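Architecture at a glance
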Amino acid sequence: MTVGLLGAMVEEIEPLLEYFKNYEVIKYADNEFYLADYNGHKIVIAYSKIGKVHAALTAATMIEKFKIEALLFSGVAGAIDENLHIGDLIVASALCQHDLDITAFGHPYGYVPEGKVCYESDDSLRELAQRVAKENNVDLKEGIIATGDQFIADEKKKEWIKKAFNASAIEMEGASVAVVAHSLKVPFLVIRSISDAAGMDAGFDFDEFLKTSAKVSALFLTDILDKLIAKS
Ligand code: SAH
């Protein structure tokens, strides 16, 4: 099968490129796509650049041009749930856009007509992730991830997002990938490892823990990938 592995920043896919070692590089849509052959399966790796628009473009490109059949996102996120600590892993049960706001017209936050507030991850991929976590003794949390084009480093904003969306973690790409994958009918999964707590110290913590947390997430993703292709 053909599987897409997507991150937002180069640090989020570097552990994947090290893992697959040999790959071909294809330049397209102002980006680079790394194609690896993995035990007879095709793996397409890329980092989108930060934010919802870049992530949507890269996810759509992976699906339409590279014909991926499943999309696995790996990266780091800020914790909203106080039970999530630096380096912990979370799989998104569903993803929503916290900065999408046409509430002036009586709609809920995160909603536009013909869209949904929350986009759910593929059930079988989420179950697979939980099974892999159990087998590897990894404590994999599950919860709603809120996405927006803002780095959140503010307790008040964080509390608002927690209340408005019942979110456990926050980042800047997941929900846009979810919308694209859902619309183009490709199963997807978003895994994140915590880099900061989205409060006052978030910028400092992010710089400190980006690489280690990104690696935790990427390596866990390769374990999921192994099980996924073994099933195909
Ligand atoms: N330091 C980077 C910017 C990082 S933006 C630079 O200067 O280029 C934060 C990235 O990590 C985004 O891709 C986002 O998905 C994720 N992220 C981690 N913590 C976050 C937080 N507290 N709020 C929003 N996104 C966060």
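Below is a short write-up of the structure. Just so you know, these numbers come straight off a predicted model, no measurement behind them.

Digging into the overall build of the chain
For the chain, the count of helices and strands is 6 helices and 10 strands. Here the chain has a C-alpha radius of gyration of 16 Å; the compact-globule value for 232 residues is 17 Å, and the two agree. With the C-alpha coordinates of the chain rotated into their principal frame, the extents come out at 50 × 35 × 30 Å. Split into buried and exposed, the 232 residues of the chain put 52% on the buried side. Look at the contacts in the chain between residues 6 or more apart in sequence, and 77% of them connect residues 24 or more apart. Total accessible area computed for the chain in this model is approximately 10800 Å², and 52% of it derives from carbon and sulfur atoms. Side chains of the chain carry 23 positive and 36 negative charges; the gap between the two charge centres is 3 Å.

Overview of the pattern of salt bridges
Considering all chains together, one arrives at 11 salt bridges under this definition. Taking the shortest distance from any N to any O, the salt bridge between Asp123 and Arg126 comes out at 2.4 Å. With Asp123 and Arg126 both in helix H3 (residues 123-135) and 3 residues apart, the pair spans about one turn of that helix. We classify Asp123 as partly exposed; its relative accessible area is 46%. For Arg126, a relative accessible area of 15% translates into the label buried. Here Arg192 makes a salt bridge to Glu171, at a shortest N to O gap of 3.0 Å. On the criterion of sequence distance, the pair formed by Arg192 in strand S10 (residues 188-196) and Glu171 in strand S9 (residues 167-171) is long-range, its members being 21 residues apart. Across this residue pair, the class does not change: Arg192 and Glu171 are buried. Via salt bridges that share partners, Glu12, Glu171, Glu173 and Arg192 belong to a single interconnected network.

Considerations on helix H1 (residues 10-20)
Among all positions in H1, only Glu12, Ile13, Pro15, Leu16, Leu17 and Phe20 are buried. Where H1 is buried, its residues touch strand S1 (2-7), strand S3 (31-38), strand S4 (41-47), strand S5 (70-79), S10 and helix H6 (202-231). One or two residues past the end of H1 sits Lys21, with phi positive at roughly 60°.

Concerning the site of the ligand
The local shell around the ligand holds 18 residues, among which Ile152, Met172, Glu173, Asp196 and Phe206 are the closest. In this structure, Met172 approaches the ligand through a main-chain N or O atom, which is 2.9 Å from an oxygen atom. Residue Asp196 places a side-chain N or O atom 2.7 Å away from a nitrogen atom belonging to the ligand. Every element with two or more residues in the shell around the ligand is listed here: S5, S9 and S10.

Parameters and conventions
- Residues numbered from 1 in each chain as written.
- Predicted model: local features only at pLDDT ≥ 70, side-chain atom pairs only at ≥ 80, totals over all residues.
- Heavy atoms only, no water.
- Helix = DSSP H or I, 4+ residues; strand = E, 2+ residues; numbered from the N terminus.
- Rg over C-alpha atoms; globule rule 2.2 N^0.38 Å.
- Buried < 20%, exposed > 50% of the residue type's maximum accessible area, 1.4 Å probe, protein only.
- Contact = heavy atoms within 4.5 Å.
- Areas by Shrake-Rupley, 256 points an atom, 1.4 Å probe, with all protein chains shown as cover.
- Lys, Arg positive; Asp, Glu negative; His and termini not counted.
- Charge placed at Lys NZ, Arg CZ, Asp CG, Glu CD.
- Salt bridge = Lys/Arg side-chain N within 4 Å of Asp/Glu carboxyl O.
- Near = heavy atom within 4 Å.
- Polar contact = N/O pair within 3.5 Å; in protein donor to acceptor, adjacent residues only side chain to side chain.

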